[in-house]
Number of protein chains: 2
Amino acid sequence: MNIVLLSGGSGKRLWPLSNDIRSKQFIKIFKTEDGAYESMVQRVYRQLKKVDSEVNITIATSRTQISALHNQLGEGVSISLEPCRRDTFPAIALATAYLHDIQGVSEEESVVVCPVDPYVEEDYFEALKRLGDQADKGEANLVLMGIEPTYPSEKYGYIIPQSKDSVSRVSTFKEKPDAETAKSYISQGALWNGGVFAYKLKYVLNKAHELIDFTDYQDLFSRYGTLEKISFDYAVVEKEKEIQVMRFKGQWKDLGTWNTLTEAMEEASVGEAIMNENCRNVHIINELNVPVLAMGLEDVVISASPEGILVSDKEQSSYIKPFVDRIDQQIMFAEKSWGSFRVLDIEDESLTIKVTLNPGHRMNYHSHRNRNEVWVVISGTGRTIVDGMEQEVCAGDVITMQAGCRHTVVACTELKLIEVQLGKEISVHDKQKFSLEA
Amino acid sequence: MNIVLLSGGSGKRLWPLSNDIRSKQFIKIFKTEDGAYESMVQRVYRQLKKVDSEVNITIATSRTQISALHNQLGEGVSISLEPCRRDTFPAIALATAYLHDIQGVSEEESVVVCPVDPYVEEDYFEALKRLGDQADKGEANLVLMGIEPTYPSEKYGYIIPQSKDSVSRVSTFKEKPDAETAKSYISQGALWNGGVFAYKLKYVLNKAHELIDFTDYQDLFSRYGTLEKISFDYAVVEKEKEIQVMRFKGQWKDLGTWNTLTEAMEEASVGEAIMNENCRNVHIINELNVPVLAMGLEDVVISASPEGILVSDKEQSSYIKPFVDRIDQQIMFAEKSWGSFRVLDIEDESLTIKVTLNPGHRMNYHSHRNRNEVWVVISGTGRTIVDGMEQEVCAGDVITMQAGCRHTVVACTELKLIEVQLGKEISVHDKQKFSLEA
């Protein structure tokens, strides 16, 4: 099976765990059988591999997620990089061209597209396989997955099938309705449109050439920024006559808000948390290294991260976005291609951060115009390179770097250091990168 | 007026703002007219000075509070140091001997004793003056303040006066009753016993000599650890026949729980906090430098400090103690005589802290057996002394200290530094102090 996972925008609706640079699909919140925690993207990736060990997974995403994807799924993960955000039709066209031109997937093979973050069980991935098989048959140009509704949701578009067979022609599509209308749709046998579908590669490749002027993958990639922002539903699905829907009856949850996310948690808390016996339906997700104590609360989610603390009634957590938009704050934690950093202390003329480098990784070789830096290695071993001078370092070693000096650190083992930045104008934008050969 | 303020134990009922080393009276939570925040002890001290600019205030407390008292009230504050905790009778006897032998207060002068942490207005301090004046008259050996009850509380002992006059003989005392009994006491004209009273100095000094074998203040101080733990109420008040009570009708609140403390807050939040429009009776006290966002909560207190995060129904916050007792955690923030420190990062073999030294202050001259340390000065100027070698330091300077090496830093201006401790056995107990002359 060829599958394209769409890994979407950052989103603030799961603040303080998601923010401008950290997307919800990377939050490690699901307990695995061995007691560790995995993220949505790790869970989906693991489930896919389990159901089809031969699966060819490609993740369509933007540059900001590359580091997190590599950290969470390994360096080997196949990524169709979107140079900028251009909605789902350009993204799917680009990923399809990537499969064809870079991976050499045949025009006759089927491709399954689905979001990277549904909360589902194995039967869902079995259904994805059947969706691809159905597309292989060539009875229609597109085969959608229609999810059997469990309630008259106002959050989804609806697909009205021509029959109640497991595979059927699509009669019509309906936009997100109100609850009353949704009820009447459901009584007519309507299904949720979860944005999951399959097609033969050539179908979307031809559509892409029809709608976009390009020669091949590289050409499409280079002109990506000029493409119109348009959704795949609008550009393709709603205009297509040869279209089937395949029913899916299993668990399918969209974990887009704290309310739905906490429903999917195996345990009431992740991280250091204490609740008294008068807490009812309370969930705590605590990423800090100090305890959260909850007493006498009901239907509340508490989430604490280096970015901030949310305490919300679960229902109301859906309305978080405008409040988070008002928070204009320094990013306090970030995963990078080489590891992660966390801000420990902010003063007018200094910034102290903790840097963790993964084994074998290094920062860019870089310098700063307006600040000096001090590194204190606190664990692990590695090499620093400062203005071309190499030095082996281990816990306790101190490296001082004046403004303008080029520097990097290469981790042999996992390496942790405290970095103190000193200067009057400390900014993430004050960074000049160099190649190490220069 | 001579006044002894009893500054009691640490208490965990206001966790995470109070803990083993930080008492509730030092939490800066009350907004002053100029927009700054002051603690209970600062508020009471300021109010006392305002009502009686000549007041002679002595604070009876233990060693753990000396630094916080000096930081919050200045170096000039007069302190009767209890070498260890021995309940209120020994503490009041010691403070009385201190007034007599050290401060030279005459045996005929009156002394007023009250707790350091009532939440009161100016009329209370006016009443304290009248209490002292009444003791001066010598009509009785002890004059208690009887607070007119506002509800049948089960938290206080009751005083039954012989009459409803503003000053009256005491008929009898009653232990903390249940609410029903409290109602019947109140219908008989009973008053709350808030532990506030006045006496002529010689009365308590004589009582002390009666019950304790000692010569003078120094002698009492040196044998303090051998004294019986006994309350002033039990040792003196309940056995005294010559006793009056003076009514007080003004505001008098005991801010011992989050529930009562938040009632006294001028504004709904202290620190970075956002509430949506569906929050009702919510208070946020946030000492962290990241925001707290509260949505759709009712009757809830949220308190976040470097020690942890509390989210509690206000009623239930009274039952916090057993839960906090279960939290066995490194102290993350502390005020010291020389300034303060905050833990920034904890690893197996390193600990990173931020140290703030007040101008003119220094740490003890000390060494550690089992850890190396690195200081990075981030602001201010001062002098380090390392194995006797002095060096002037400013922002950006780095000082490395091997285990065994003696070191200190003296602040000229306010001086802040990042200290990285490195070693396999990092412990607060690994500290040897030296005099700087050695």
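Residues numbered from 1 in each chain as written. Chains lettered and ligands numbered in written order. Predicted model: local features only at pLDDT ≥ 70, side-chain atom pairs only at ≥ 80, totals over all residues. Heavy atoms only, no water.

Student: Explain the overall build of chain A residue by residue, including any values.
Tutor: For chain A, the count of helices and strands is ten helices and 30 strands. In terms of overall dimensions, chain A is globule-like: its C-alpha atoms have a radius of gyration of 24 Å, near the 22 Å expected for 438 residues. Its C-alpha atoms give chain A principal-axis dimensions of about 70 × 60 × 40 Å. For chain A, buried positions account for 56% of its 438 residues. For chain A, restricting intrachain contacts to residue pairs at least 6 apart in sequence, the fraction spanning at least 24 positions comes to 65%. Accessible surface computed for chain A: about 18600 Å², of which carbon and sulfur atoms make up 45%. Side chains of chain A carry 48 positive and 65 negative charges; the gap between the two charge centres is 2 Å. (Helix = DSSP H or I, 4+ residues; strand = E, 2+ residues; numbered from the N terminus. Rg over C-alpha atoms; globule rule 2.2 N^0.38 Å. Buried < 20%, exposed > 50% of the residue type's maximum accessible area, 1.4 Å probe, protein only. Contact = heavy atoms within 4.5 Å. Areas by Shrake-Rupley, 256 points an atom, 1.4 Å probe, with all protein chains shown as cover. Lys, Arg positive; Asp, Glu negative; His and termini not counted. Charge placed at Lys NZ, Arg CZ, Asp CG, Glu CD.)

Student: Kindly report on the environment of Asp52(B), identifying the contributing residues and their values.
Tutor: All names here are of chain B. Note that aspartate 52 resides in the loop between helix H1 (40-51) and strand E4 (56-62). Each C-alpha atom of the pair aspartate 52 and glycine 138 lies 22 Å from the other, and the pair is 86 residues apart in sequence. When neighbours within four sequence positions are excluded, aspartate 52 is seen to be in contact with Met1 and Lys129. Of the polar contacts made by the side chain of aspartate 52, one reaches the backbone nitrogen of methionine 1; its length is 3.4 Å. (Polar contact = N/O pair within 3.5 Å; in protein donor to acceptor, adjacent residues only side chain to side chain.)

Student: Tell me about the sheet that holds strand E27 (residues 398-401) of chain B, and please be specific about residues and values.
Tutor: Either a parallel or an antiparallel arrangement is found when strands of a sheet pair, and the pairing is made through backbone hydrogen bonds. All names here are of chain B. Reading across the sheet, the six strands line up as E20-E21-E22-E29-E24-E27 and stay open at both edges, with antiparallel pairing between neighbours. Strands with a single pairing partner mark the edges of an open sheet, and in this sheet they are strand E20 (333-336) and E27. Averaged over all pairs of adjacent strands, the angle between strand axes in this sheet comes to 20°, irrespective of strand direction. (Pairing = 2+ DSSP bridges. Axes fitted to C-alpha atoms, helices over the stretch in contact; angles between N-to-C directions.)

Student: Tell me what's going on with the interface of chain A and chain B, and back it up with residues and numbers.
Tutor: Facing the 54 residues of chain A at the interface are 54 residues of chain B. It is Leu293(A), Met295(A) and Ile309(A) that lose the most area in chain A upon contact with chain B, and together they represent 16% of the buried surface on that side. Our enumeration of links across chain A and chain B arrives at six salt bridges. Ionic pairing is found between Lys354(B) and Glu347(A), a salt bridge with its closest N-O pair at 2.4 Å. Inspection of the chain A/chain B interface yields 20 residue pairs in polar contact (both at pLDDT 80 or more). With six residues, the single largest contributor to the side of chain A that touches chain B is strand E19 (residues 308-313) of chain A. Of the residues that constitute the side of chain A that touches chain B, the class distribution is 34 nonpolar, twelve polar and eight charged. (Buried area = accessible area lost by both parts, 1.4 Å probe. Salt bridge = Lys/Arg side-chain N within 4 Å of Asp/Glu carboxyl O. Nonpolar A, V, L, I, M, F, W, Y, C, P; charged D, E, K, R; others polar.)

Student: Any details on the pairing of E4(B)? Residues and values, ideally.
Tutor: When a strand is regular, its side chains alternate between the sheet's two faces. All names here are of chain B. Of all seven residues making up E4, six are buried, and the element is well covered by its neighbours. Two strands pair when backbone bridges link them, and strand E1 (residues 2-6) and E4 are joined in this way by five bridges, in the parallel orientation. Across the sheet, isoleucine 3 pairs through a bridge with isoleucine 57, a residue of E4. The sheet contact formed by E4 and strand E5 (residues 78-82) spans five bridges and is parallel. Its bridge partner being in E5, alanine 60 is matched across the sheet by serine 80.

Student: So what about the pattern of salt bridges? Which residues, and what values?
Tutor: As enumerated under the stated definition, the model contains 47 salt bridges over all chains in all. Three or more residues are tied together by salt bridges with common partners; here these are Lys354(A), Glu414(A), Lys416(A), Asp345(B) and Glu347(B).

Student: For the relation of the copies chain A and chain B, give the residues involved together with the corresponding values.
Tutor: Note on the copies: chain A fits chain B at an RMSD of 0.1 Å, the axial shift is 0.0 Å, and the rotation between them is 180°. The superposition of one copy onto the other is thereby described by a two-fold rotation axis. The C-alpha atom lying nearest the rotation axis in chain A is that of Leu344(A); the distance is 2.9 Å. Here 100% of the contact residues of chain A are again contact residues in chain B; the copies associate through an equivalent surface. (Least-squares fit on C-alpha atoms with pLDDT ≥ 70 in both.)

Student: Can you break down the packing of H1(B) against helix H2 (residues 66-73) of chain B residue by residue, with the values?
Tutor: Residues and elements named next belong to chain B. The N-to-C vectors of H1 and H2 enclose an angle of 50°; their axes lie 10 Å apart at closest approach. Accordingly, the angle class assigned to the pair H1 and H2 is oblique. The chirality of how H1 crosses H2 is right-handed. Contact residues: Val41, Gln42 and Tyr45 in H1; Leu69, Gln72 and Leu73 in H2. Across the contact of H1 with H2, the residue classes break down as four nonpolar, two polar and no charged. (Parallel < 35°, antiparallel > 145°, perpendicular 65-115°, else oblique. Left-handed = near helix turned anticlockwise from the far one by under 90°.)

Student: Outline the packing of aromatic side chains, listing residues and values.
Tutor: Residue and element names in this part refer to chain A. Scanning the model with the defined rule gives 26 aromatic pairs over all chains in all. Arranged with centres 4.7 Å apart and planes meeting at 45°, the rings of tyrosine 156 and tryptophan 192 form a pair that is tilted. Taken as a pair, tyrosine 156 in the loop between strand E8 (142-147) and strand E9 (157-161) and tryptophan 192 in strand E11 (residues 191-200) lie far apart in primary sequence, 36 residues in all. Taken as a pair, tyrosine 156 and tryptophan 192 share a single burial class, namely buried. (Phe/Tyr/Trp six-rings, centres within 6.5 Å; stacked < 30°, edge-to-face > 60°.)

Student: Would you mind going over the pairing of strand E17 (residues 292-295) of chain A in detail, with residue names and values included?
Tutor: Burial along E17(A) is two-sided: Val292(A) and Ala294(A) facing one way and Leu293(A) and Met295(A) facing the other are all buried. The sheet contact formed by strand E15 (residues 273-275) of chain A and E17(A) spans three bridges and is parallel. Note on E17(A): the bridge partner recorded for Ala273(A) is Val292(A). Bridge analysis of E17(A) against strand E19 (residues 308-313) of chain B gives four bridges, and the strand direction is parallel. From the neighbouring strand, Val292(A) faces E19(B), where its bridge partner is Ile309(B).

Geometric values such as these leave the question of function open.
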